[in-house]
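Each chain, letter by letter, is given below.
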Amino acid sequence: MKMKLKKWAAAAMTAVMTLGAAGGYSAGAAEDTKIVVLGDSISFGADLAEGEKSYVQLVEEAFDAELRNFSFEGGTTKDVLDSLNDSEVRTALEHADVIIVNVGIHDIMDPFMETANGFMEKFKFERFSDVFFAQLADYNLTEMDLQFYAADLTQAVKSNAVPAKENMLEIGKQLSAYSDAHIVFENVYNPIDTIENLDELSDKRKFAYTTVSGIVTNTLNTSVNEAITELSAEYGYDVLDVHSAFAGKAYQYVHLDELNVNPTAEGHRVIADQTIEQLKKVLEIKGDVTGDRNVDAKDAAEILVHASDVGAGGSGTLDESAKTLGDVDGSGNLDASDAAKILVYASEQSAGGNPSWD
């Protein structure tokens, strides 16, 4: 077995050297990854401190990608839908490898936040949580006042639900025209899911808060998030469940006490981690063990180095992800056979052919 591997390795290495001498290591190199983002303040990166990075910036760095960010500070589903008529946006979408959509929170939450802010200003509350923790007598408030306030918030949060869902469905429908791109929708989190020290509230106030928060979740999940689920079923779009990732962590991941729905740096990291993990699955290319989005002689050479190390009793030089991508013959082993198949694939690709792994 070792003799056979050595013979395969020698033949494959000769091919590596030959292909390299014939024209470098390029084998019909794929263009740099092109990512287009359509979104609102979250994708825009609003309200981050100097030096803090948005999830879009983190994604761009993770893939060293060419990224176009067509996001609006305070943008709504209508803003994103209208942007699809812009010639610059359409051109970017036509050339995109990946399209990310993150919008909808302002449709649902802006009326809510406007109502809440008016209440806070009226009674001179400094933080959103003061509405629930303050001693009512200090502000000539009663429990009935809070009930009326909760009713006003409920009405506000539902005010844009129907048009927001319709806009989201139309966005998804129009994006289906860009069939060459992998399309990812990130659903919408509840920015008032919970407040810090919620358990310290009286039963009545805790009930009031959780009732309002539950209505927000229900409104999101029957409007913009429901639309995203329907689009996934119809067009096969990926859905990143940011809503679940933020559940129970609004006070930590969002500027909640300032009545600001945008994520903190930590919240952006949570969104970025989900997005990067999903895009890794999309952007990984079979045979590309070096991760440069090309399948060429460099990949074959890395496999030979790995196989040689394993043959000498080592643990190999490639990680599990690279080994999976490099096992092009499906044998479960990474060896000279895989290197040889990669060289054949690269040679056919560089000659203008349309190679396959079959």
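Residues numbered from 1 in each chain as written. Predicted model: local features only at pLDDT ≥ 70, side-chain atom pairs only at ≥ 80, totals over all residues. Heavy atoms only, no water.

Asker: Explanation requested: the layout of surface pockets in the structure shown.
Answerer: Where empty space is left becomes clear once a probe the size of a water molecule has been rolled over the atoms. Space inside the largest pocket adds up to approximately 460 Å³. Looking at the lining of the largest pocket, the elements with two or more residues in it are helix H3 (55-63), helix H14 (265-283) and helix H16 (320-326). When the residues that make up the lining of the largest pocket are grouped by side-chain class, the tally is eight nonpolar, four polar and eight charged. (1 Å grid on protein atoms, 1.4 Å probe; cavity = no way out; pocket = protein on both sides within 12 Å on 5 of 7 lines; lining within 4 Å. Points joined across faces, edges and corners; volume = space filled by probe spheres on them. Helix = DSSP H or I, 4+ residues; strand = E, 2+ residues; numbered from the N terminus. Nonpolar A, V, L, I, M, F, W, Y, C, P; charged D, E, K, R; others polar.)

Asker: Can you walk me through the packing of aromatic side chains in this structure?
Answerer: The geometry of two aromatic rings is summed up by the distance between their centres and the angle between their planes. If you walk through the whole model with that rule in mind, you get ten aromatic pairs. Aromatic pair Phe-119 and Tyr-149: ring centres 3.9 Å apart, planes at 25°, arrangement stacked. Of the two residues, Phe-119 sits in helix H6 (residues 105-122) while Tyr-149 sits in helix H8 (residues 143-158), which places them 30 residues apart along the sequence. By the ring-pair criterion, three or more aromatic residues cluster together here, those being Phe-119, Phe-123, Phe-125 and Tyr-149. (Phe/Tyr/Trp six-rings, centres within 6.5 Å; stacked < 30°, edge-to-face > 60°.)

Asker: What should I look at first to understand the environment of Asp-292 in this one?
Answerer: With respect to the helices and strands, Asp-292 occurs in the loop between H14 and helix H15 (297-311). When the C-alpha atoms of Asp-292 and Ile-35 are compared, they prove to be 16 Å apart, with 257 residues separating the residues in sequence.

Asker: What am I meant to see in the packing of H6 against H8 here?
Answerer: Helix-helix packing: each pair is described by the crossing angle between the helix axes and the interaxial distance. Viewed as axis vectors pointing N to C, H6 and H8 meet at an angle of 155°, and their least axial separation amounts to 7 Å. By the angle between their axes, H6 is roughly antiparallel relative to H8. With respect to the hand of their crossing, H6 and H8 are arranged in right-handed fashion. Each of Ile-108, Met-109, Pro-111, Phe-112, Thr-115, Ala-116 and Phe-119 in H6 lies in contact with H8, whose residues at this interface are Tyr-149, Asp-152, Leu-153, Ala-156 and Val-157. When its residues are assigned to classes, the contact of H6 with H8 shows ten nonpolar, one polar and one charged. (Axes fitted to C-alpha atoms, helices over the stretch in contact; angles between N-to-C directions. Parallel < 35°, antiparallel > 145°, perpendicular 65-115°, else oblique. Left-handed = near helix turned anticlockwise from the far one by under 90°. Contact = heavy atoms within 4.5 Å.)

Asker: Looking at this model, I keep getting lost on the sheet that holds strand E2 (residues 66-71). Mind explaining?
Answerer: Consider a sheet: its strands pair through backbone hydrogen bonds, and that pairing is either parallel or antiparallel. One open sheet accounts for five strands, arranged E2-E1-E3-E4-E5; its pairing is parallel. If you trace the sheet from one side to the other, it starts and ends with E2 and strand E5 (238-240), each paired once. Neighbouring strand axes in the sheet, compared pairwise and without regard to direction, differ in orientation by 20° on average. Direction of pairing for strand E3 (residues 98-102) relative to strand E4 (residues 182-186): parallel, over a ladder of four bridges. (Pairing = 2+ DSSP bridges.)

Asker: Is there a simple way to think about the nonpolar core in this case?
Answerer: If you look at soluble globular proteins, the nonpolar side chains tend to sit buried side by side. Counting residues in each nonpolar core, the largest one holds 86 residues, and the members touching the most others are Leu-38, Phe-128 and Leu-175. By residue number, the principal contributor to this core is H6, which donates eight residues. Dropping the residues within four chain positions of it, Phe-128 is found in contact with Phe-112, Ala-116, Met-120, Tyr-149, Ile-192, Ile-195, Tyr-209, Leu-256, Asp-257 and Leu-259. Residues Ala-297, Ala-300, Tyr-345 and Trp-357 belong to the second largest nonpolar core, which totals 16 residues. (Core = buried A, V, L, I, M, F, W, Y, C linked by side-chain atoms within 4.5 Å. Buried < 20%, exposed > 50% of the residue type's maximum accessible area, 1.4 Å probe, protein only.)

Asker: Is there a simple way to think about empty space enclosed by the protein in this case?
Answerer: In total, this model carries one cavity of 30 Å³ or more according to the counting rule given. Put simply, the largest cavity is a space of about 40 Å³. What lines the largest cavity is Ile-42, Asn-102, Ile-105, Asn-187, Val-188, Tyr-189, Val-242 and Ile-271.

Asker: When you look at the environment of Asp-145 in this model, what are you seeing that I'm missing?
Answerer: Structurally, the position occupied by Asp-145 is in helix H8. Exposure remark for Asp-145: the relative accessible area of 27% places this residue in the partly exposed category. Separated by 49 residues in sequence, Asp-145 and Ala-96 place their C-alpha atoms 52 Å apart.

Asker: Would you mind showing me how to read H14 here?
Answerer: Quick reminder: α-helices carry 3.6 residues per turn. Residues three or four places apart thus point the same way. The end-to-end C-alpha distance of H14, which contains 19 residues, comes to 25 Å, matching closely the 27 Å that a straight helix rising 1.5 Å per residue would cover. The complete set of buried residues in H14 reads Gly-267, His-268, Val-270, Ile-271, Ala-272, Thr-275, Ile-276, Gln-278, Leu-279 and Leu-283. (Expected span 1.5 Å × (residues − 1).)

Asker: Explain the pattern of salt bridges here, please?
Answerer: Side-chain pairing between opposite charges can occur once the charged atoms of the two side chains come close. Counted according to the given criterion, the structure contains eleven salt bridges. The partner of Lys-78 in a salt bridge is Asp-82, and the shortest N-O contact between them spans 2.9 Å. Taken together, the positions of Lys-78 and Asp-82, both in helix H4 (residues 77-83) and four residues apart, correspond to about one turn of that helix. Residue Lys-78 is classed as partly exposed on the basis of its relative accessible area, which comes to 41%. Where salt bridges share partners, they join Arg-127, Asp-130 and Asp-257 into one cluster. (Salt bridge = Lys/Arg side-chain N within 4 Å of Asp/Glu carboxyl O.)

Asker: Is there a simple way to think about the confidence of the model for the protein chain in this case?
Answerer: Any residue range with low pLDDT should be treated as having predicted coordinates unsuitable for detailed reading. Residues at a pLDDT of 70 or more form 91% of the protein chain, whose mean pLDDT is 87. This model gives residues 1-9 a pLDDT under 50, and the stretch forms eight contacts once residues within four places in sequence are excluded. (pLDDT = per-residue confidence, 0-100.)

Asker: Help me understand unusual backbone geometry, please; the structure alone is not making it clear to me.
Answerer: Of all residues except glycine, most have a negative phi; of all peptide bonds, most are trans. Unlike most non-glycine residues, Asp-47 shows phi in positive territory, near 65°. Its location among the elements puts Asp-47 in the loop between helix H2 (41-44) and H3. Classification of Asp-47 as partly exposed rests on a relative accessible area of 43%. At Lys-124, a position not held by glycine, the phi torsion is positive, near 60°. With respect to the helices and strands, the residue Lys-124 is situated in the loop between H6 and helix H7 (130-133). Of the residues examined, Lys-124 reaches a relative accessible area of 63% and is grouped as exposed.

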